[in-house]
Amino acid sequence: VVQLVESGGGSVQAGGSLRLACIAASDTYMRHYSRMAWFRQPPGKEREGVAAIDLSDITTYADSVKGRFTISKDKAENILYLQMNSLKLEDTAVYYCAAAFGRTASGTTWLSMRVADFTYWGVGTQVTVSS
């Protein structure tokens, strides 16, 4: 059974930085993920993809965070990170860690930032950017 737990959220002033972490665990027959991602849901808005990384360490980012956020994995410890720099007011959201095994719904790749392509979700961590 896969469990995802996020940490590292909090309040920060615009221009500051935070690092989110997601501890990702599974049973002994599901040891690694085809893809992992960070999503976020701003107040009053739909959940959106922020950054994703696949089994081959290929990454993709939302245009709104390119150059500011970095997704990475500690493979030995099964931890997913999101380093967030130069935070803006519009980055305020609940941030979710997500993971999945296998191909995407379209069937061609492992990499995705679509909600429907992820099976396992954390409960989220709040990031609030002020100023």
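A. Examining the pairing of strand β5 (residues 48–54) more closely. Counting buried residues along β5, 6 of its 7 residues qualify, which places the element largely inside the surrounding structure. Two strands pair when backbone bridges link them, and β5 and strand β6 (residues 59–61) are joined in this way by 3 bridges, in the antiparallel orientation. Residue pairing across strands places Ile53 opposite Thr59, the latter belonging to β6. Between the antiparallel neighbours β5 and β6 lie 4 residues, among them Asp57 with a positive phi of about 70°.

B. Structural view of the layout of surface pockets. As a volume, the largest pocket reaches approximately 160 Å³. Taken together, Ala24, His32, Tyr33, Met36, Leu55, Lys73, Asp74, Lys75, Asn78 and Ile79 form the lining of the largest pocket. Per-class residue counts for the lining of the largest pocket are 5 nonpolar, 2 polar and 3 charged.

C. Structural view of the packing of aromatic side chains. Counted by the stated rule, this structure contains 5 aromatic pairs. Between Phe39 and Trp121, the aromatic rings sit 4.9 Å apart at their centres with planes inclined by 50°, giving tilted as the arrangement. Here Phe39, found in strand β4 (residues 35–41), pairs with Trp121, found in strand β10 (residues 120–121); they are 82 residues apart in sequence, far enough to count as distant. Here the aromatic cluster, defined as three or more aromatic residues joined through ring pairs, consists of Tyr33, Phe101 and Tyr120. Positioned above the aromatic ring of Phe118 is the side chain of Arg35, whose terminal nitrogen or guanidinium carbon lies 5.5 Å from the ring centre. The ring of Trp121 carries the charged tip of Arg47 above its face, separated from the ring centre by 4.9 Å.

Criteria and cut-off values
Residues numbered from 1 in each chain as written. Predicted model: local features only at pLDDT ≥ 70, side-chain atom pairs only at ≥ 80, totals over all residues. Heavy atoms only, no water. Buried < 20%, exposed > 50% of the residue type's maximum accessible area, 1.4 Å probe, protein only. Helix = DSSP H or I, 4+ residues; strand = E, 2+ residues; numbered from the N terminus. Pairing = 2+ DSSP bridges. 1 Å grid on protein atoms, 1.4 Å probe; cavity = no way out; pocket = protein on both sides within 12 Å on 5 of 7 lines; lining within 4 Å. Points joined across faces, edges and corners; volume = space filled by probe spheres on them. Nonpolar A, V, L, I, M, F, W, Y, C, P; charged D, E, K, R; others polar. Phe/Tyr/Trp six-rings, centres within 6.5 Å; stacked < 30°, edge-to-face > 60°. Lys NZ or Arg CZ within 6 Å of the ring centre and 35° of its normal.

By themselves, these observations are geometric and do not establish any function.
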